[in-house]
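Below, each chain spelled out in residue letters.
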Amino acid sequence: MRSMGTYRELKRLVRIGKAFRKGETSLSYFPSRIWIELTNHCNLKCPLCPNQNLPKENKGYISPGLFKEIVDQVQGQVNDLYLFHRGESLLHPNLIELIDYAQSRKIPCRIHTNATVLSEAVSKEMLNAGLDVLSFSFDSGRPSLYEKSRYPAKFEKTLGNIKRFLQLKMESRKRKPVTILQMMGIEKNHRELERKPFVSSLKSLGLNRVVLRRPHNWGGAISGPLESPVKQSGPFFSCTFPWYALIVYWNGLVGPCPQDFFARMIMGDLKKKSILEIWNGPEMQELRQKIKDREHRFLDPCRQCDRPRRKTLAGVPTEYVKTFLKENIRGYN
């Protein structure tokens, strides 16, 4: 079964790659990945995240009804669902119900969390719900630096939450979720020797892998110094997002890109159209045409985004290629 699944996933990627290279604007396939924003509320105020600048009146939680409608529309069509976007998904009051529903439709799901509210009770419920991937944001093994980058989180408490989750997973002998520690490159000289003892302590508890990320500017929403910044005036390579993904905000609005933090680029509304209608609607087709023609200077936030200006392989930033291929072809295991 794994080999058949791998073959289908590879075939899907090949089809997406051909459509992207040809610059097709009307696509014969469904999006491979969909971000569903469970909420854009967050309990932290991280310097490298613009969430704190979202107006309070624009914040909310996705309704279970809308979530289930989305899952029913994409069942058997998408490769996976990312149940997060601009906020902390664990704050959603119906979190486990939503995970349960997606899992009942046999759609692989992933959640990315800051782990600050990952209590023992929630950990046990998530393990029982069968979530496929749980990724933790934890940028440093040094308490002072971590607490500066994840204000007002506390190093020991959050680390304790992650360790307890890993212990519970080991005790339950469950294979899922695959656990990932995602570390943002917030230190200019992030030496491997400084990281090893911290990471080793988590791997001894069954952490599956570590992913190192480089900060990006959220489509121009973040200004100021980033590690190894990419100049906005650099060459625009291109962007693959409109050829393989969609983002559903908590209120049912749909966008083409997870870098669009302030939802400036809206392609449709699920209260009026289906996922498939939006995916090949006039707004998406026009966007693909403009990206094909390198008219990014007319698109907001594309003209300010640093991601399409990074070195890429087949449209994927080279720093993410290994992870991208592993997750899309080999699966999460």
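Keep in mind the model is a prediction, meaning the values are calculated, not measured.

Procedures and definitions
- Residues numbered from 1 in each chain as written.
- Predicted model: local features only at pLDDT ≥ 70, side-chain atom pairs only at ≥ 80, totals over all residues.
- Heavy atoms only, no water.
- Buried < 20%, exposed > 50% of the residue type's maximum accessible area, 1.4 Å probe, protein only.
- Helix = DSSP H or I, 4+ residues; strand = E, 2+ residues; numbered from the N terminus.
- Arc of directions from axis to C-beta.
- Contact = heavy atoms within 4.5 Å.
- 1 Å grid on protein atoms, 1.4 Å probe; cavity = no way out; pocket = protein on both sides within 12 Å on 5 of 7 lines; lining within 4 Å.
- Points joined across faces, edges and corners; volume = space filled by probe spheres on them.
- Nonpolar A, V, L, I, M, F, W, Y, C, P; charged D, E, K, R; others polar.
- Polar contact = N/O pair within 3.5 Å; in protein donor to acceptor, adjacent residues only side chain to side chain.
- Pairing = 2+ DSSP bridges.
- Core = buried A, V, L, I, M, F, W, Y, C linked by side-chain atoms within 4.5 Å.
- Phe/Tyr/Trp six-rings, centres within 6.5 Å; stacked < 30°, edge-to-face > 60°.

Trainee: Where do I start with helix H2 (residues 64-74) in this structure?
Mentor: Along an α-helix, residues three or four positions apart point the same way, because every turn accommodates 3.6 residues. Those residues of H2 not exposed but buried are Leu66, Phe67, Ile70, Val71 and Val74. Down the axis of H2, the buried side of the element spans an arc of 135°, and every buried residue falls inside it. In this fold, the buried residues of H2 make contact with strand E1 (33-36), strand E2 (80-82), helix H3 (95-104), strand E7 (245-248) and helix H9 (275-279). One or two positions beyond H2, positive phi appears at Gly76, with a value near 75°.

Trainee: Is there a simple way to think about empty space enclosed by the protein in this case?
Mentor: Think of a ball as big as a water molecule: rolled over the atoms, this probe shows where empty space is left. Summed over the entire model, instances satisfying the criterion amount to two cavities of 30 Å³ or more. In this structure, the largest cavity occupies an estimated 120 Å³ of space. Along the wall of the largest cavity there are 15 residues; nearest its centre are Cys239, Cys257, Cys302, Cys305 and Pro308. Elements represented by at least two residues in the lining of the largest cavity include exactly helix H8 (241-244) and helix H10 (282-292). Residues that form the lining of the largest cavity fall into these classes: 12 nonpolar, one polar and two charged.

Trainee: Where do I start with the side chain of Thr113 in this structure?
Mentor: Looking at the element boundaries, Thr113 is found in strand E3 (residues 109-113). For Thr113, the side chain forms a polar contact with the side chain of Glu88, separated by 2.8 Å. Apart from the residues within four sequence positions on either side, Thr113 is in contact with Glu88, Leu90, Leu134, Ser135, Phe136 and Ser137.

Trainee: Quick question: what am I supposed to make of helix H4 (residues 120-129) here?
Mentor: Along H4, the residues classified as buried are Val122, Ser123, Met126, Leu127 and Ala129. What you see down the axis of H4 is that its buried residues fit within an arc of 160°, all on one side. Those residues of H4 that are buried are in contact with H3, E3, strand E4 (133-137) and helix H6 (155-172). Of the residues flanking the end of H4, it is Gly130, one or two places downstream, whose phi is positive at about 85°.

Trainee: Would you explain the pairing of strand E5 (residues 178-184) in this entry?
Mentor: As a general feature of sheets, a regular strand has side chains that alternate between the two faces. For E5, a buried count of seven out of seven residues is recorded, marking the element as mostly surrounded by other parts of the structure. What you see with E5 is no split at all: Val178, Ile180, Gln182 and Met184 on one side and Thr179, Leu181 and Met183 on the other are buried throughout. Strand direction decides the pairing type here: E4 and E5, joined by five bridges, are parallel. Looking across to E5, one finds that Phe136 is bridged to Leu181. The sheet contact formed by E5 and strand E6 (residues 209-213) spans five bridges and is parallel.

Trainee: Whenever I open this one, the sheet that holds E2 confuses me. Can you help?
Mentor: Consider a sheet: its strands pair through backbone hydrogen bonds, and that pairing is either parallel or antiparallel. Read from one edge to the other, the open sheet built from nine strands follows the order E6-E5-E4-E3-E2-E1-E7-E8-E9, with strand pairing classed as mixed. The two strands at the open ends of the sheet, each matched to only one other strand, are E6 and strand E9 (268-269).

Trainee: Even after reading the chapter, I still don't get the nonpolar core, so can you show me in this structure?
Mentor: Looking at soluble globular proteins, one finds that nonpolar side chains tend to be buried together. Counting 81 residues, the largest nonpolar core has Leu81 and Met126 as its most contacted members. Sequence-distant contacts of Leu81, defined by excluding residues within four places in its chain, comprise Ile34, Ile36, Val71, Val74, Ala102, Ile107, Pro108, Cys109 and Arg110.

Trainee: Sorry, what's going on with unusual backbone geometry here?
Mentor: Backbone phi values are negative for most residues with the exception of glycine, while trans is the configuration of most peptide bonds. Cis rather than trans, the peptide bond between Tyr151 and Pro152 has omega equal to 0°. Residue Pro301 is bonded to the preceding Asp300 through a cis peptide linkage, with omega at 25°. Tracing the chain through its elements places Pro301 in the loop between H10 and strand E10 (312-313). A positive phi is found at Ala115, a non-glycine position, where the angle reads about 70°. Residue placement: Ala115 occurs in the loop between E3 and H4. In the Ramachandran plot, Ala263 falls in the positive-phi region, its phi being about 50° despite a non-glycine side chain. Considering the arrangement of structural elements, one finds Ala263 in the loop between strand E8 (253-255) and E9.

Trainee: How do you make sense of the environment of Cys257 when you look at a structure like this?
Mentor: As for its position among the elements, Cys257 is in the loop between E8 and E9. In the structure, Cys257 is positioned 38 residues away from Gly219 in sequence and 9.5 Å away in space, judged by C-alpha atoms. Those residues in contact with Cys257, other than ones at most four positions away along the chain, are Phe241, Ile247 and Tyr249.

Trainee: Can you walk me through the packing of aromatic side chains in this structure?
Mentor: Two descriptors summarise a pair of aromatic rings, namely the distance from one centre to the other and the angle between the planes of the rings. Tallying each qualifying case throughout the model produces 12 aromatic pairs. Each ring, one from Trp35 and one from Phe241, has its centre 6.0 Å from the other, and the planes form 75°; the classification is edge-to-face. Pair noted here: Trp35 is in strand E1 and Phe241 is in helix H8, with a separation of 206 residues, a long-range link. Residue Trp35 is classed as buried on the basis of its relative accessible area, which comes to 8%. Judged by relative accessible area, which is 9%, Phe241 ranks as buried. Summarising the aromatic geometry, the rings of Tyr82 and Phe84 are spaced 5.3 Å apart at their centres and angled 25° between planes, so their arrangement reads as stacked. Of the residues examined, Tyr82 reaches a relative accessible area of 7% and is grouped as buried. By relative accessible area, which is 12% here, Phe84 ends up buried.

All quantities given are derived from atomic positions and should not be read as evidence of function.
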